[in-house]
Amino acid sequence: MAVFPWHSRGRNYKAEFASCRLEAVPLEFGDYHPLKPITVTESKTKKVSRKGSTSSTSSSSSSSVVDPLSSVLDGTDPLSMFAATADPAAPDSSRKRRDRDENSIVGSDFEPWASKRGEILARYTTTEKLSINLFMGSEKGKATATSAMSEKVRTRLEELDDFEEGSQKELLNLTQQDYVNRIEELNQSLKDAWASDQKVKALKIVIQCSKLLSDTSVIQFYPSKFVLITDILDTFGKLVYERIFSMCVDNRSVLPDHFSPENVNDTAKETCLNWFFKIASIRELIPRFYVEASILKCNKFLSKTGISECLPRLTCMIRGIGDPLVSVYARAYLCRVGMEVAPHLKESLNKNFFDFLLTFKQIHGDTVQNQLVVQGVELPSYLPLYSPAMDWIFQCISYHAPEVLLTEMMERCKKLGNNALLLNSVMSAFRAEFIATRSMDFIGMIKECDESGFPKHLLFRSLGLNLALADPPEGDRLQILNEAWKVITKLKNPQDYVNCAEVWVEYTCKHFTKREVNTVLADVIKHMTPDRAFEDSYPQLQSIIKKVIAHFHDFSVLFSVEKFLPFLDMFQKESVRVEVCKCIMEVFIKHQQEPTKDPVILNALLHVCKTMHDSVNALTLEDEKRMLAYLINGFIKMSVNRLAMETRKVMKGNHSRKTAAFVRACVAYCFITIPSLVGIFTRLNLYLHSGQVALANQCLSQADAFFKAAISLIPEVPKTINIDGKMRPSESFLLEFLCNFFSTLLIVPDHPEHGVLFLVRELLNVIQDYTWEDNSDDKIRIYTCVLHLLSAMSQETYLYHIDKVDSNDSLYGGDTKFLAENNKLCETVMAQILEHLKTLAKDEALKRQSSLGLSFFNSILAHGDLRNNRLNQLSVNLWHLAQRHGCADTRTMVKTLEYIKKRSKHPDMGHLTELALRLPLQTRT
């Protein structure tokens, strides 16, 4: 292809805007409008007739508005239509089945035991020495395949006798970690024994572990011991159930999930009964209870009422456990398995709870008091040991319980003396809405509690957690805060104080103004500053900050809270201070809508950015650097650059000496800050954005500096960049940036010392030298955009301007030398495009050649002056090139030709008529 000269088409932008504007059509009131609210239409569908008859549909509507989606179905919605064709008897039966299934399955709104397990293990620890009995396995327990059945039975009986006679080894003086390791070994031994078909050995391990739950010698560790042991019980129960379930498989089918005992074969039932008989022969109460409870689900194989009959019996068995702590955890385990296998049997769960209330007074009995004296444990340390079990019991019985039942339970708790522990569990487990509605009643109950065993501040903390989720009556809100804070502010222990304050700060922020929030923050500072107590409470103080900034999105309000900045001063550990700064900046970027001009706010946020920036070192992870760069970048965009633009707005573009100096200072701050950011596209985009701000404020030399910095940074763009942890090609991002850059360069005036179109030439050189990916056409797409830019620059009046900035159309005034330089650049760019099209004349690249050829044709059509014969001929050549090898997008070419014919009817576009005749459309055979 020969090199063709470029001649830009003269553009009348106003006329083009007018021709492209949508035609305005007057709309009478009441006419249909696509944004008019849709009125719901109730459709009544008759039952569909049998085959051979005529079906009809009638609908009654309160509106004549037609819903386009409903019209497809003749006015009926899909669900109504399907319901009309369904068997009329089916809905009732399916609804009953669905209701039954919903009642027998615990929903996602029920917090599972697994989510509480880790917290219990972390909270209830000990430094005292522990002991454990390990089962010593016997080789005679292994039955060979050739043994007779009578010998096998006799062997297993001997094994049980051997176990009862004490084939155990007691390990003493174990640390807590040693104890946990031993329990894990037993859990693994259970699985190994089961896998090797040593079922009796597996049972003996479970019995041994269950017996450990009767030991309260190291009482502070008991809740964690319960978690570890019941993990083993859960494993055993699952293994037994899956074993019996697998025995129900025959040659015909597998037992369905929702089966009845009639579907279970005799062999499986016999095996199931055998397990229950073995467990019934366990002599001690506690292991017998726990092991039977662990396989409670297996009752499904025997009878429909098996579980409902076993739950009350197991509940009564717990009455035989004398230690109230052991007893309450046994009740908690029964609630666990009950909720898993039969959550609909709420009566048994309620019976379990009311039994517990009857025995609650044992906690304050002489037996317990003597035990605590022996172990040297105070009552305030002993009572919290009940909380995990009691919270779980209350959660199970209150799940989807009617409000009448909750009120009854609350009244029963009121009647018990020293009921702080019960009250705390009620507030931890009951629905937040239930607690919030009766907040003043609960406060009255809290006041009456004896504080010697369970501190009142813990009760107020539990109440506050509920009020963070549900709102109390509006008239009670201030009184609730006063009553709670009256107790909290008197706390001497900083840790107790901050644990409560952390909860009630959210309530204060949610329902009150900055005055009350300021009072709370001042109180926190007063309690946490002496002896540098804040150093031990950074997590709680961080939580307070997060809650405050979550409710005060307007930073002008937030920073007007007098004690907010002094509160921030308590974060003196660098890592914690950086995390707090990140939280503040994230909220600022996300929620700050109004322009920020307050020097106090800006100074504080600049300090926040500096703190984040200075925290970066050689060991900082790349993800952390990206996050910090994003936050600092966001602040610069929202604050420094926005501040400069707000100043321009206030001065209406006519800067005074002071405002001009201030704007230049903002611009300089951005220029020296941007290089510290890590992400290369973050820097590129911020250079461009800041350059635009500088240009808008008539800081022309500063704008040039930003644009030159961006151009010099382009060669450093890597081939791939990390996006959300994945490496992706960077060319598409570079293409997007350059297109935005070209749009800005249209209005940037040439520097008087650097020649015509200096920035455009520099940018073209960088694009030319950049190493592009093989088989990529992005470089040519960029050159096409450059051609559009140069064409716009050749117009007498540019499409857009910046106020009080003279662009090149004003500077050169259509000077012929400027236009000549512009045309030379156009011809250079065109040569590059045409050369690239030549390289695509290969079989594997013909489709790309066709697409690029048609794209270049459209660029010439939009921006070139086709009255020039050579340019006109080039466009015809490109049209033929796009169709040459049968790879053309025929639909697009048809529409393009229609557009040309339509445009040719305009008075100054007559020359397109001849062009249209020279553009044939080839058909595919």
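Structure's up top.
Below: a short report on this structure.

Reading guide: rules and limits
- Residues numbered from 1 in each chain as written.
- Predicted model: local features only at pLDDT ≥ 70, side-chain atom pairs only at ≥ 80, totals over all residues.
- Heavy atoms only, no water.
- Helix = DSSP H or I, 4+ residues; strand = E, 2+ residues; numbered from the N terminus.
- Buried < 20%, exposed > 50% of the residue type's maximum accessible area, 1.4 Å probe, protein only.
- Contact = heavy atoms within 4.5 Å.
- Core = buried A, V, L, I, M, F, W, Y, C linked by side-chain atoms within 4.5 Å.
- Patch = residues over 30% accessible without salt bridge, like charges linked within 9 Å, V, L, I, M, F, W, Y side chains within 5 Å.
- Areas by Shrake-Rupley, 256 points an atom, 1.4 Å probe, with all protein chains shown as cover.
- Salt bridge = Lys/Arg side-chain N within 4 Å of Asp/Glu carboxyl O.
- Phe/Tyr/Trp six-rings, centres within 6.5 Å; stacked < 30°, edge-to-face > 60°.
- Lys NZ or Arg CZ within 6 Å of the ring centre and 35° of its normal.
- Axes fitted to C-alpha atoms, helices over the stretch in contact; angles between N-to-C directions.
- Parallel < 35°, antiparallel > 145°, perpendicular 65-115°, else oblique.
- Left-handed = near helix turned anticlockwise from the far one by under 90°.
- Nonpolar A, V, L, I, M, F, W, Y, C, P; charged D, E, K, R; others polar.

## Some points on the overall build of the chain
- Looking only at helices and strands, the chain has 43 helices and 6 strands in total.
- Out of the 925 residues belonging to the chain, those deemed buried represent 47%.
- Once local pairs closer than 6 in sequence are excluded, the contacts in the chain between residues at least 24 apart make up 73%.

## Concerning the nonpolar core
- Core analysis: the largest hydrophobic core is formed by 287 residues, its most contacted members being Tyr382, Trp504 and Leu541.
- Per-element accounting of this core gives the leading share, 14 residues, to helix 9 (residues 222-247).

## Some remarks on unusual backbone geometry
- Non-glycine residue Asp531 carries a positive phi angle of around 60 degrees.
- Position of Asp531 among the secondary structure elements: in the loop between helix 25 (514-528) and helix 26 (538-551).
- According to the relative accessible area criterion, Asp531 is exposed, its value standing at 80%.
- At Arg532, a residue that is not glycine, the phi angle is positive and equals roughly 50 degrees.
- Mapped onto the elements, Arg532 comes out in the loop between helix 25 and helix 26.

## With respect to helix 19 (residues 420-429)
- Of all 10 residues in helix 19, 9 are buried, a share of seventy percent or more.
- Among all positions of helix 19, only Ala420, Leu421, Leu422, Leu423, Asn424, Ser425, Val426, Met427 and Ala429 are buried.
- Structurally, helix 19 contributes buried residues whose contacts are with helix 14 (346-359), helix 17 (387-398), helix 18 (403-415), helix 20 (432-437), helix 21 (439-448) and helix 22 (456-467).

## Examining a nonpolar patch on the surface
- A cluster of nonpolar side chains, namely Phe17, Leu799 and Tyr800, defines an oily patch on the protein surface of about 280 Å² accessible area.
- Tracing the backbone shows Phe17 in helix 1 (residues 13-20).

## Let's talk about the pattern of salt bridges
- By the definition in use, this model includes 25 salt bridges.
- Here Glu483 ties to Lys486 by a salt bridge, and the two come within 3.7 Å at their closest N and O atoms. Highlighted residues: Glu483 and Lys486, both in helix 23 (residues 477-488), separated by 3 residues, approximately one helical turn.
- Here Arg532 and Glu535 are joined by a salt bridge, their closest N and O atoms 2.7 Å apart.
- For Glu535, a relative accessible area of 37% puts it in the partly exposed group.
- The structure contains a network of salt bridges with shared partners spanning Lys447, Glu483 and Lys486.

## So, the environment of Arg781
- Structurally, Arg781 is set in helix 37 (residues 778-793).
- The exposure class assigned to Arg781 is partly exposed, which follows from its relative accessible area of 37%.

## Some points on the packing of aromatic side chains
- In this structure the tally under the stated criterion is 35 aromatic pairs.
- Their ring planes at 65 degrees and their centres at 6.0 Å tell us that Tyr507 and Phe512 sit as a pair that is edge-to-face. The burial state of Tyr507 is the same as that of Phe512; both residues are buried.
- Ring-pair connections join several aromatic residues into one group, and the members of that group are Phe110, Trp113, Tyr222, Phe226, Tyr329, Trp392 and Tyr399.
- In this arrangement the basic side chain of Lys199 is found over the ring face of Trp194, its NZ or CZ atom lying 4.9 Å from the centre.

## Quick word on the packing of helix 39 (residues 816-839) against helix 41 (residues 869-883)
- Relative orientation of the contacting elements helix 39 and helix 41 amounts to 25 degrees, with a least axis distance of 13 Å. In terms of orientation, helix 39 and helix 41 fall into the roughly parallel class. Note on packing geometry: the crossing formed by helix 39 with helix 41 is left-handed. Across from Met830, Leu834 and Leu837 in helix 39, the residues of helix 41 making contact are Leu871, Leu874, Leu878 and Leu881.
- Taken together, the residues of the contact of helix 39 with helix 41 sort by class into 7 nonpolar, no polar and no charged.

Honestly, that's just the spatial picture; any functional story needs more than this.
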